[in-house]
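Observations on the three-dimensional arrangement
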Amino acid sequence: MTKPKALVTRRWPEPCEAKLQESFEVTFNRDDHPMTSAELREALRDYDAVLPTVTDTLDAGVLSVEPLRCKILGNFGVGYNHIDLAAAKARGITVTNTPEVLTDCTADIAMLLLLMAARRASEGERLIRSGGWTGWSPTQLLGTKVTGKTLGLIGFGRIARAMATKAHFGFGMPILFYDPHPPAQALIDPLSARPCASLEEVLKEADFVALHCPGSRENHHLIDGPRLALMKPGAILINTARGDVVDNRALIEALRNRTIAAAGLDVYEGEPNLDPAFLTLDNVALLPHLGSATWETRIAMGMRVIENVTAFFDGLTPRDKVV
Ligand code: 8YV
């Protein structure tokens, strides 16, 4: 039997690339460049399966290609805001993602950013690297205590709950959350987490606010200027979800005017071209979309994509079918 043809849009860890080749005739993007719309359109014409990542914009225009050969988009990642699901569905293309395997590592990055922003870690490292550190002093780089402070979560899915577990049991943090589709009570109770009736309630009450909602049209600029203004003056915002969940200009203003104390960001509007004003602010910790970036997790993500596309070509419903 001939193997289905698959295109991997970006380089994967080697064990995943090797495994994929066992069952597919695979083309790799050897130099790992982000693919253009034209390349993606060509891929949809030439391959049975296209295995994209967050850097591939598969919008209605790209998905309108004729003739269409692609039958499945096996996304390497849990978020699929870069794929127009309605357009994929209309073209009869199955879409899968990779939930669960990146939950802990993404929550770890959210916790890392929380600690970095609260304890001014980036500023400290910059001071040392610049050669400007003249020694310890009682008032140098004073930050905000983390232990015992209240953590507010926007969205209470898997990653938010993993973050809550680390914060609550590791740092004694009481947990608040807002989620229009909350999980089962049995998942809330062990964390002693308090559901809030509105997003605004979380913003007003929490010392740290971490965003864990999906990137989507509905959540575009969910955190805007008026909502940032509701946060406590000493509060810190953490975003490991998607850049456009936050109005980045409004956040820059809030950080500049110290309406909030600080932020920790892993994702940006228009990334990798983040607003240069972020680079002028000391009270923001910046990471380059590292949420799931561990060997263990990236290998597990690749293997999960392989599991999904293999099931699909075996005539089964893939475990992580989105549409
Ligand atoms: C991925 C992520 O690395 O899975 C997601 O949604 O944001 C990241 O952890 C990236 O999206 C890969 O496509």
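Quick caveat, the model's predicted, so the values are computed rather than measured.

**Things to note about a nonpolar patch on the surface**
A cluster of nonpolar side chains, namely I128, W133 and W136, defines an oily patch on the protein surface of about 430 Å² accessible area. Turning to its location among the elements, I128 is positioned in helix 6 (residues 121–129).

**What about the UniProt feature "domain: D-isomer specific 2-hydroxyacid dehydrogenase catalytic" (unreviewed entry) in the chain?**
Taking the numbering used here, the UniProt-annotated feature "domain: D-isomer specific 2-hydroxyacid dehydrogenase catalytic" (unreviewed entry) corresponds to residues 9–322. Regarding residues 9–322, the helix share stands at 36% and the strand share at 12%, and the terminal C-alpha atoms are separated by 19 Å.

**Re the UniProt feature "domain: D-isomer specific 2-hydroxyacid dehydrogenase NAD-binding" (unreviewed entry) in the chain**
Feature annotation in UniProt places "domain: D-isomer specific 2-hydroxyacid dehydrogenase NAD-binding" (unreviewed entry) on residues 112–291, given in this structure's numbering. From the first C-alpha to the last, residues 112–291 spans 10 Å; its make-up is 30% helix and 14% strand.

**Observations concerning the packing of aromatic side chains**
For any pair of aromatic rings, geometry is given as the distance between the ring centres together with the angle between the planes. Applying the stated criterion across every chain yields a total of 5 aromatic pairs. Note on F156 and F177: the rings are 4.0 Å apart at their centroids and 5 degrees apart in plane angle, and the pair reads as stacked. In this pair, F156 sits in the loop between strand 6 (151–154) and helix 7 (158–171) while F177 sits in strand 7 (residues 175–178), placing the two residues 21 residues apart along the sequence. Both residues of the pair, F156 and F177, count as buried. The rings of F24, F312 and F313 are connected pair by pair, giving a single aromatic cluster. The cationic tip of K5 hangs over the ring face of Y47; the distance from NZ or CZ to the ring centre is 4.7 Å.

**Remarks on the site of the ligand**
Taken together, T53, V54, F76, G77, V78, G79, L102, R242, H289, S292 and R298 make up the full set of residues adjacent to the ligand. Within the side chain of S292, a nitrogen or oxygen atom sits 2.7 Å from an oxygen atom of the ligand. Compared with its free state, where it exposes 320 Å², the ligand has 91% of that area covered by protein. Looking at the shell around the ligand residue by residue, the classes come out as 4 nonpolar, 5 polar and 2 charged.

**Thoughts on helix 11 (residues 248–256)**
Residues of helix 11 that are buried include every one of N248, A250, L251, I252, A254 and L255, and no others. On its buried side, helix 11 packs onto helix 10 (225–228), strand 10 (236–239), strand 11 (262–265) and strand 12 (284–286). With a side-chain oxygen positioned 3.2 Å from the backbone nitrogen of R249, the residue opening helix 11 is D247. Positive phi shows up at R258, right after helix 11, with a value of about 60 degrees.

What counts and how
Residues numbered from 1 in each chain as written. Predicted model: local features only at pLDDT ≥ 70, side-chain atom pairs only at ≥ 80, totals over all residues. Heavy atoms only, no water. Patch = residues over 30% accessible without salt bridge, like charges linked within 9 Å, V, L, I, M, F, W, Y side chains within 5 Å. Areas by Shrake-Rupley, 256 points an atom, 1.4 Å probe, with all protein chains shown as cover. Salt bridge = Lys/Arg side-chain N within 4 Å of Asp/Glu carboxyl O. Helix = DSSP H or I, 4+ residues; strand = E, 2+ residues; numbered from the N terminus. UniProt positions renumbered as here; feature names shortened; annotations may be inferred. Phe/Tyr/Trp six-rings, centres within 6.5 Å; stacked < 30°, edge-to-face > 60°. Buried < 20%, exposed > 50% of the residue type's maximum accessible area, 1.4 Å probe, protein only. Lys NZ or Arg CZ within 6 Å of the ring centre and 35° of its normal. Near = heavy atom within 4 Å. Polar contact = N/O pair within 3.5 Å; in protein donor to acceptor, adjacent residues only side chain to side chain. Nonpolar A, V, L, I, M, F, W, Y, C, P; charged D, E, K, R; others polar. Contact = heavy atoms within 4.5 Å.

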